[in-house]
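Results of the structural survey
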Amino acid sequence: MSTTILTFGLIVFALLCALLYLVYVLITKEDIIKEMAETNQGLLRSFNDLDEQAKLIIRTDLELNKIREEMDKRLHGLNALQRTARQMNQALNETEIFQRISPTLFEDWAFGHVLIASKNEHDILKIRLNVGYAQPKAEAILKEIDTLEFLQKLPQGTAILSSINSSVKNKEKLIQLFETEHFIFSPIITQNGNIGFVFVGNNTAAPAVTEADEELIAIFAGQIGQSIENAKLFEKVFRSSQQLELKVADRTKQLALALQKVNEISKKKSDFISAVSHELRTPLTSIKGYAAILMAGKIGDIPSAVKERLAKINTHSDNLVGLINNLLDIARIESGKEEMKFALYKIKGITDNVSDLLNPQISAKSIHLQINLPPQVEEIYVDSAQIERVFINLLSNAIKFTPQEGTITITVASEFDHGYALISVSDTGIGIPPEALQNLFNEFYRVDNEINQNVKGTGLGLVLAKNIVLAHHGKIWVQSKQGSGTTFYFTLPSSPNAFEEHLNPEKNYA
Ligand code: ADP
């Protein structure tokens, strides 16, 4: 019995243990299942999030593609616009500007209908480009445009009308007029206001216009306005330059005529002086001759008072002969009748002759004569007798107007300039007042000063010197400072070539 009870007890105990184990296992599994269910929920949420993000990425990618396509289209359109703008800018008139707008431009921009019009000189709208419209239809559109008040009153600037920005009423009118569902209408504006328009459109099947299209057409219409403005400006400048050219030609003709007249008058003057001088010389020679006979006592003795007067007649006659000779020489050189005997001469030879000739006057006033001749400028191509006269006239004046113990300097520049020697004769004399300088080379001009009042002169010496230098194609000018001294400059050719070249006014010696 006890064994049975023990066995039963053991069995009950074993069953209890198994039950306990079962309870333990059940409790533990429920936790795991709970944990797994939670994990599952989390996974589901993440999956949903990922799904959302994938959808977002796809949407963004689609949008980016659209934007890229739009950008490509815009870039392509802008490239085409830039090419056309360059072409238009090179046009010189309005007609040429429109000729340079190629219809293929609008193929690039994907517009099947294009109408560009601008006002002519009579303020009437004219078709400048037509793509996609039959001519009568295009003409009808132009006529109709004038009646559409809202188009006439378009604000200044780049305001445009399009199928995506205009009011329903305006849009309907434009669709009806141009017969296109999608369109852009841009006025052409210049400084004179609204002078035309650019219209582009597409029918219903084509994609609608975009803001980028609007921008493109606005820039294009602005470019047309700018090119018209430039062409007008060019035309204005061109016309005024043509007028100027005509004026210059007219003025040149007038000046040439005036110069011809001056030359004729100058020739008449020279001829007159020559004739008068010749006429005067003959009686003068007689007067001098009779005075000489009387003075020599060939007609009988004459009282000393009469002799004195006769001597005066002789001196004045000599002065008059000198004056007449000078006048004759000036007239002959001016008219080219005096033939220059050109040859190469050493400058030193000429200056030596002149200084020898004038040595008595120079010594009488104890004047120091200085002559600076550079060895490299040795010879000049001149008529030596005439050039000696130039030196004599300039030196005589220098001696006359320089006080005792003054200095006179003859200088030849150390280099030829354009084949011409530059020679100067300067003194330390009384100088010349500035207001007298411009008259110095005029016939009979003498400065009113004490020396001139006491010493006789003709006022022809400088005129003669000038004419001789001009006959050598040289120049002569003067610089002077009152109280300090005067310098005369003149230029002479060094060779036949240099002389010939100075005949060409374009190579004028400056
Ligand atoms: P003339 O000596 O017979 O008066 P010129 O034609 O030689 O005529 O000279 C004109 C005038 O120029 C002179 O009267 C004098 O007033 C002025 N002149 C010329 N050379 C000099 C000089 N070296 N210094 C000052 N005055 C001068």
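Anything mentioned here points back to the structure above.
Predicted, not measured: the structure shown is a model, and the values here were computed from it. (Residues numbered from 1 in each chain as written. Predicted model: local features only at pLDDT ≥ 70, side-chain atom pairs only at ≥ 80, totals over all residues. Heavy atoms only, no water.)

1. Let's talk about the overall build of the protein chain
Rules: Only DSSP runs of H or I with at least four residues qualify as helices, and only runs of E with at least two residues qualify as strands; both kinds are numbered from the N terminus onward. In this description the radius of gyration comes from C-alpha coordinates, and the expected globular size is given by 2.2 Å times residues to the power 0.38. Here, Shrake-Rupley sampling with a 1.4 Å probe gives the accessible areas, and only protein chains in the shown set may cover a residue. None of His or the chain ends enter the tally, which takes Lys and Arg as positive and Asp and Glu as negative. Think of each charge as sitting on NZ of Lys, CZ of Arg, CG of Asp or CD of Glu.
From N to C terminus, the protein chain includes 14 helices and 12 strands. Relative to the globule expectation of 24 Å for 510 residues, the C-alpha radius of gyration of the protein chain, 55 Å, shows a markedly less compact shape. By element, 58% of the accessible surface of the protein chain is carried by carbon and sulfur atoms, the whole surface being about 31700 Å². Across the protein chain, the 51 positively charged side chains and the 60 negatively charged ones have centroids separated by 9 Å.

2. Describing the packing of helix α8 (residues 304–335) against helix α13 (residues 461–471)
The line we're drawing: To get an axis, fit a line to the C-alpha atoms, keeping to the stretch in contact for a helix; angles then go from 0 to 180 degrees between the N-to-C directions. Under this scheme an angle from 65 to 115 degrees is roughly perpendicular, one under 35 degrees roughly parallel, and one over 145 degrees roughly antiparallel; angles in between are oblique. Whether a crossing is left-handed or right-handed is set by the direction in which the near helix is turned from the far one by less than a right angle, anticlockwise for left-handed and clockwise for right-handed. Here, residues are in contact when the closest pair of their heavy atoms is within 4.5 Å. Polar here means any residue outside two lists: the nonpolar Ala, Val, Leu, Ile, Met, Phe, Trp, Tyr, Cys and Pro, and the charged Asp, Glu, Lys and Arg; Gly therefore counts as polar.
Orientation of α8 relative to α13, taken along the N-to-C sense of each, is 25 degrees, at an axis distance of 9 Å. Taken together, the axes of α8 and α13 are roughly parallel relative to one another. As α8 packs across α13, the resulting crossing turns out to be left-handed. Residues N326, D329, I330, I333 and E334 of α8 lie in contact with α13, whose contacting residues are V463, L464, N467, I468 and A471. Of the residues in the contact of α8 with α13, the class split is six nonpolar, two polar and two charged.

3. Points about the side chain of S118
Cut-off, in case you're wondering: Note on exposure labels: buried denotes an accessible area under 20% of the residue type's maximum, exposed denotes more than 50%, and partly exposed covers the range between, all computed with a 1.4 Å probe on protein chains only. In protein, a polar contact requires one atom able to donate a hydrogen and another able to accept it; more generally it is a pair of N or O atoms within 3.5 Å, and residues adjacent in sequence count only if both atoms are side-chain atoms.
Secondary-structure assignment places S118 in strand β1 (residues 113–119). Its relative accessible area of 0% is what places S118 among the buried residues. A polar contact is formed between the side chain of S118 and the side chain of E94, at a distance of 3.3 Å. Engagement of the side chain of S118 in a polar contact is seen with the side chain of R128, the distance being 2.8 Å. Residues contacting S118, with those up to four places away along its chain left out, are E94, F98, I124, L125, K126, R128, I195 and G196.

4. Remarks on the site of the ligand
We apply this condition: Whether a residue is near a molecule or strand depends on its heavy atoms: it is near if one of them lies within 4 Å of it.
Around the ligand lies a shell of 20 residues, among which N397, D427, R446, N452 and L462 are the nearest. Interatomic distance of 2.7 Å between a side-chain N/O atom of R446 and an oxygen atom of the ligand. G459 places a polar main-chain atom, nitrogen or oxygen, 3.1 Å from an oxygen atom of the ligand. Coverage of the ligand by the protein amounts to 96% of the 530 Å² it exposes when considered alone. Those elements giving two or more residues to the shell around the ligand turn out to be α10 (384–401), α13 and β12 (485–493). Ranked by residue count, the leading element in the shell around the ligand is α10, at four residues. In the shell around the ligand, the residues fall into nine nonpolar, eight polar and three charged.

5. Looking at the sheet that holds β1
Spelled out, the test is: Strand pairing is assigned whenever DSSP identifies at least 2 bridges connecting the two strands.
Here we have five strands laid out as an open sheet, ordered β2-β1-β5-β4-β3, and antiparallel in their pairing. The strands lining the two open edges of the sheet, one partner per strand, are β2 (125–131) and β3 (161–162). Judged from the nine bridges that link them, strand β4 (residues 182–190) and strand β5 (residues 193–202) form a sheet pairing that is antiparallel. Bridge assignment links F185 to a residue of β5, and that residue is F199. Each of β1, β2, β4 and β5 touches helix α4 (residues 135–145); the most contacted strand, β2, lies at about 135 degrees to it.

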